[in-house]
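Reading the structure
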Amino acid sequence: MNKKLGILGGMGPLATVEFMMKIITQTPAHNDQEHIPMVVSSVPQIPDRTAFIMGHGTDPYPELKHSFDQLEQSGAECIVIPCNTAHYWYPQLSATSHVHTISIIDSVVQETQLRKHKTVGLLATTATMKTKMYQQKLNQYNIDVIETDDLQQQAVMAGIYEVKAGNVEKGKAMMLPVFEDMLAQGAEAVIFGCTEIPVALAEQNMNSPKQCLDSLEILAKYCVEWSYEAEHTALAS
């Protein structure tokens, strides 16, 4: 196993560590040597993505591009970004990339199709909701999206920032009622469209995995698949 995965993380740090853990636990390794080599750029100082998209913050693209280039220079052969809102800049980053990339948005949409869901809820940052990165792709496949109302969105954002501050239980208390309401409205599953959400709602994902579309877990799955497909291709050639 020698295909190196690059992780452009730090958004936030806890979500990045959780993502790495999900890669490790999903990898069918029998020893150290069979695990996926990873190089990680975890830079929490990348400007707030939501703040910029909502019109009152510093553009994070230069810092994202700098970290992306560093990962390429470090020998990463595939680069992923375990941050949903940062995928606002994914088209720019991937267009100039010299290596393979995997989109967290595309991965979740593909998984939603595979599960044959027709209606899903979406929990995400206000910026991700505003840019409609998920809604537009899901609607292309005739998948309906239940969105938050204004009060629910305020609770979700507050919960996300509590997780970023290390207050996971407070974050869970704010987001869990919204998750449950979406299921009550008819969502077959709810997309955890911000990488802090799987940290807060880990118990829900463990107890009711069919009702959860964990963006971190799904991206990890596709990273493992990429690594093993790349390895098998190399062995066959």
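An account of the accompanying structure is given in this report. It should be emphasised that the depicted structure is a prediction, and the values quoted were computed from it without experimental measurement.

1. Some words on helix 7 (residues 133-140)
The α-helix winds at 3.6 residues per turn, so residues separated by three or four positions along the chain end up facing the same way. All of the buried residues in helix 7 are Met133, Tyr134, Gln135 and Leu138. One or two steps after helix 7, the chain reaches Asn142, where phi turns positive at roughly 60°.

2. Quick notes on the packing of aromatic side chains
For the structure on display, the rule yields three aromatic pairs. Ring centres of Tyr88 and Trp89 lie 4.9 Å apart, and the angle between their planes is 85°; this geometry places the pair in the edge-to-face category. A relative accessible area of 2% places Trp89 in the buried class. Here a set of aromatic residues connected by ring pairs shows up, and it is made of Phe52, Tyr88 and Trp89.

3. Quick look at the packing of helix 5 (residues 104-114) against helix 7
Closest axis-to-axis distance for the helix 5/helix 7 pair is 10 Å, and the angle between their directions is 35°. Crossing of helix 5 against helix 7: the hand is right-handed. On helix 7, the residues touching Ile104, Ile105, Asp106, Val108, Val109 and Thr112 of helix 5 are Met133, Tyr134, Lys137 and Leu138. When the residues that make up the contact of helix 5 with helix 7 are grouped by side-chain class, the tally is seven nonpolar, one polar and two charged.

4. Examining the packing of helix 8 (residues 150-164) against helix 9 (residues 168-184)
Following both chains from N to C, one finds helix 8 and helix 9 inclined at 150°, their axes separated by 7 Å at the closest point. Comparing their axes, helix 9 and helix 8 come out roughly antiparallel. Crossing geometry of helix 8 relative to helix 9 is assigned as left-handed. Residue-level contacts link Gln152, Ala155, Val156, Ala158, Gly159, Ile160, Glu162 and Val163 of helix 8 to Val168, Lys170, Gly171, Met174, Met175, Val178 and Asp181 of helix 9. Residue composition of the contact of helix 8 with helix 9, grouped by class: nine nonpolar, three polar and three charged.

5. A few points about the state of the cysteines
In total, this model carries zero disulfides according to the counting rule given. Unpaired in terms of disulfides, Cys212 finds its nearest cysteine sulfur in Cys194, a separation of 15 Å. On the accessibility criterion, Cys212 (1% relative accessible area) is buried. In this structure Cys223 is not part of a disulfide, and its nearest cysteine sulfur, from Cys78, lies 5.7 Å away.

6. Some thoughts on the environment of Pro82
Relative to the assigned elements, Pro82 resides in the loop between strand 3 (78-80) and helix 4 (90-95). The spatial distance from the C-alpha of Pro82 to the C-alpha of Glu217 is 10.0 Å, given a sequence separation of 135 residues. Once residues within four sequence positions are removed from consideration, Pro82 is found in contact with Ile7, Leu8, Gly9, Met11, Thr16, Phe19, Ile104, Thr195, Leu216 and Leu219.

7. Considerations on the nonpolar core
Proteins that are soluble and globular tend to have nonpolar side chains buried together. Counting residues in each nonpolar core, the largest one holds 32 residues, and the members touching the most others are Leu5, Phe19, Ile23 and Val80. Of all the elements in the fold, those that place two or more residues in this core are strand 1 (5-9), helix 1 (13-26), strand 3, helix 5, strand 5 (119-123), helix 7, strand 7 (189-192) and helix 12 (215-236). Broken down by element, the residue count for this core peaks at nine residues, all from helix 12. Once residues within four sequence positions are removed from consideration, Ile23 is found in contact with Leu5, Ile7, Ile36, Met38, Ala220, Cys223 and Val224. Residues Val163, Met175, Leu183 and Cys194 belong to the second largest nonpolar core, which totals 21 residues.

Criteria and thresholds
- Residues numbered from 1 in each chain as written.
- Predicted model: local features only at pLDDT ≥ 70, side-chain atom pairs only at ≥ 80, totals over all residues.
- Heavy atoms only, no water.
- Buried < 20%, exposed > 50% of the residue type's maximum accessible area, 1.4 Å probe, protein only.
- Helix = DSSP H or I, 4+ residues; strand = E, 2+ residues; numbered from the N terminus.
- Phe/Tyr/Trp six-rings, centres within 6.5 Å; stacked < 30°, edge-to-face > 60°.
- Axes fitted to C-alpha atoms, helices over the stretch in contact; angles between N-to-C directions.
- Left-handed = near helix turned anticlockwise from the far one by under 90°.
- Contact = heavy atoms within 4.5 Å.
- Nonpolar A, V, L, I, M, F, W, Y, C, P; charged D, E, K, R; others polar.
- Parallel < 35°, antiparallel > 145°, perpendicular 65-115°, else oblique.
- Disulfide = S-S within 2.5 Å.
- Core = buried A, V, L, I, M, F, W, Y, C linked by side-chain atoms within 4.5 Å.

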